[in-house]
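Chain by chain, the residues:
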Amino acid sequence: MAMTGVLRPGHVQLRVLDMDASLTHYVERMGLIETARDEQGRVYLKGWDEQDWFSVVLREADEPGMDFMAFKVDSTATLDRLEQGLREFGCKVERIPAGELKHCGERVRFDSPMGHFFELYAEKDFKGNGVGTLNPHPWPEDLKGMKVNRFDHCLLYGDDLDGSVKLFKDVLGFNETEKVMAGPNGDFQIASFLTCGMKAHDIALIRHAEKGKLHHASFLLKSWEEVLHAADIMGRYKIPIDIGPTRHGITRGRTIYFFDPSGNRNETFCDSYDWYPDHPQITWTEDELGGAIFYHNQSLNERFLSVVT
Amino acid sequence: MTFTIQITDSGDSFPCKPNEMLLLAMVRLGRKGIPVGCRNGGCGVCKVHVKSGEYSNGKMSRAHVTEQEEQDGYALACRCQPSSDLVIEVVGKMRKAVHPEQAVVIKTERGE
Ligand code: FES
Ligand SMILES: [Fe+2]
């Protein structure tokens, strides 16, 4: 499948309360790799199998949550075209100069109906995945902790779900792979799963009273065995688990959720399905929401649904 | 040595070691009384008001406990270590899950 336009989630900037504790968590326990720091004290990280310089930026602040999530686009021409579309849609758009985030080209930052900030960019320096491109080994040595493969997606909470879904579909060219419908007539959407490529989701959105909230930032593992290994790491280092290991009905992911040292929720997961643009959309109904969210025990969990940063 | 943490709302109490966070002590013993969220000072669901006793606070989200509130005895149970017996009142709560909350959203949006 030819991939054009928006390519993939590129980075997320998370606010943390204590940088040292956060680096122990993200680097030693999850296995992300530190690749840069800047004058503002931000620390840049990447999953081992990512080729670009960074995918996670940590910023120390007095409240946790997400500053912004960014997507990489295929060219500067696409960046210009999408910027125009965002302005026409009514977003507040600003250009952030190359280098404001180290190793990253010019970024187009915009707000969204649910209250989150997103960015698009076309260029980021190449770092490589540590195994090279000539007769590479399948994995690098000395990976730490959960050995997460890469940053995968975010699930975000906010009020104007319809507006944000429209923005991602109509302006940025995402496809909605799955949706959750509620209300007496089943015509009130409460969740949307959107992809810009061939994954079941690159971003997920859930309707919620407050604007601009982070539910989780998710990282890819390659097997159920690795998900169970991640759970062992959480036990060993007393990392608070939210729920899992379990499976989602929605997107079919096999997953475990836990909290970073600032209370931001993380996910490590494996498995899903390949999605092509000619595939039909999946719908979940309110009466089956338990299994849609947690397939094994078929029941909702209050903390998972309501705790956000 | 342990301190006794007494929850006024429910009358429940549980022991907590001097270097242990209140919420973790409660969870470790399978006790109930304070809502349990992120356990790391970010979500605010475990917010308590300390009525009596000495304690110290770790880093916590200022979105949930402002500096003024901290001075007034508000704390997050997951970031709060006792240095004496404590009497606490539960202030935070788990917001309603998607299900009922959405019912409310539906009503508001449709003006019912
Ligand atoms: S449980 Fe989240 S702040 Fe204490
Ligand atoms: Fe997820």
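See the structure above.
Residues numbered from 1 in each chain as written. Chains lettered and ligands numbered in written order. Predicted model: local features only at pLDDT ≥ 70, side-chain atom pairs only at ≥ 80, totals over all residues. Heavy atoms only, no water.

Asks: Explain the interface of chain A and chain B to me, please; I cannot follow it from the model alone.
Replies: Interfaces are often described in size by the accessible area the parts lose on coming together. Chain A puts 30 residues into the contact, and the matching count from chain B is 27 residues. Of the roughly 2,400 Å² buried where chain A meets chain B, counting both sides, 58% is carbon and sulfur surface. Inspection of the chain A/chain B interface yields 0 salt bridges. Inspection of the region where chain A meets chain B yields 4 residue pairs in polar contact (both at pLDDT 80 or more). By residue class, the composition of the side of chain A that touches chain B is 13 nonpolar, 6 polar and 11 charged. (Contact = heavy atoms within 4.5 Å. Buried area = accessible area lost by both parts, 1.4 Å probe. Salt bridge = Lys/Arg side-chain N within 4 Å of Asp/Glu carboxyl O. Polar contact = N/O pair within 3.5 Å; in protein donor to acceptor, adjacent residues only side chain to side chain. Nonpolar A, V, L, I, M, F, W, Y, C, P; charged D, E, K, R; others polar.)

Asks: How should the packing of aromatic side chains be read in this particular structure?
Replies: The way to describe two aromatic rings as a pair is by their centre distance and the angle between their planes. Tallying each qualifying case throughout the model produces 10 aromatic pairs over all chains. Summarising the aromatic geometry, the rings of A:Tyr257 and A:Phe304 are spaced 4.7 Å apart at their centres and angled 70° between planes, so their arrangement reads as edge-to-face. Taken together, the residues span a long stretch of sequence, with A:Tyr257 in strand S15 (residues 254-259) and A:Phe304 in helix H6 (residues 302-306) at a distance of 47 residues. Here A:Tyr257 falls in the buried class, since its relative accessible area comes to 2%. Within the aromatic cluster, the residues linked to one another by ring pairs are A:Phe71, A:Phe110, A:Phe118, A:Phe168 and A:Phe174. Above the ring of A:Phe54, the side-chain terminus of A:Lys124 is found at 3.8 Å from the ring centroid. The lysine or arginine in question, B:Lys47, covers the ring of B:Tyr74, its NZ or CZ lying 5.5 Å from the ring centre. (Phe/Tyr/Trp six-rings, centres within 6.5 Å; stacked < 30°, edge-to-face > 60°. Helix = DSSP H or I, 4+ residues; strand = E, 2+ residues; numbered from the N terminus. Buried < 20%, exposed > 50% of the residue type's maximum accessible area, 1.4 Å probe, protein only. Lys NZ or Arg CZ within 6 Å of the ring centre and 35° of its normal.)

Asks: Even after reading the chapter, I still don't get the coordination of the iron ion (ligand 2), so can you show me in this structure?
Replies: Note on metal sites: the ideal angle is 109.5 degrees for four tetrahedral donors, and 90 or 180 degrees for six octahedral donors. Residues and elements named next belong to chain A. In this structure, His 153 (NE2), His 216 (NE2) and Glu 267 (OE) serve as the protein donors to the iron ion (ligand 2), at separations of 2.1 to 2.2 Å. For the iron ion (ligand 2), the single-chain donor residues occur in sequence as H-x62-H-x50-E. Placement of the pair is His 153 in strand S9 (residues 150-158) and His 216 in strand S13 (residues 213-220), with a sequence separation of 63 residues. With respect to class, His 153 is no different from His 216; both count as buried. (Donors = N, O, S within 2.8 Å, 3.2 Å for Na, K, Ca; no water.)

Asks: What's the story with the sheet that holds strand S3 (residues 47-52) of chain B in this structure? I'm lost.
Replies: In sheet architecture, strand pairing relies on hydrogen bonds along the backbone and comes in two forms, parallel and antiparallel. All names here are of chain B. On the basis of which strands lie adjacent, the open sheet formed by 5 strands has the order S2-S1-S7-S3-S5 and mixed pairing. The strands lining the two open edges of the sheet, one partner per strand, are strand S2 (13-16) and strand S5 (74-76). The mean angle between the axes of side-by-side strands here comes to 35°, regardless of whether they run parallel or antiparallel. (Pairing = 2+ DSSP bridges. Axes fitted to C-alpha atoms, helices over the stretch in contact; angles between N-to-C directions.)

Asks: Sorry, what's going on with the pattern of salt bridges here?
Replies: Note that side chains of opposite charge can pair when their charged atoms are close. Residues and elements named next belong to chain A. A full pass over the atoms with the stated rule returns 30 salt bridges over all chains. The residue Arg 42 makes a salt bridge to Asp 38 at a minimum N-O spacing of 2.8 Å. Each of Asp 38, Arg 42, Glu 100, Arg 107, Arg 109 and Glu 119 takes part in salt bridges that share partners, so that together they form one network.

Asks: Where do I start with helix H1 (residues 19-29) of chain A in this structure?
Replies: Every α-helix winds through 3.6 residues per turn, so residues three or four apart in the chain are directed the same way. Residues and elements named next belong to chain A. Every buried residue of H1 is listed here: Met 19, Ser 22, Leu 23, His 25, Tyr 26, Val 27 and Arg 29. The opening residue of H1, the one whose side-chain oxygen lies 3.0 Å from the backbone nitrogen of Asp 20, is Asp 18. A positive backbone phi angle near 90° is found at Gly 31, which sits one or two residues after H1.

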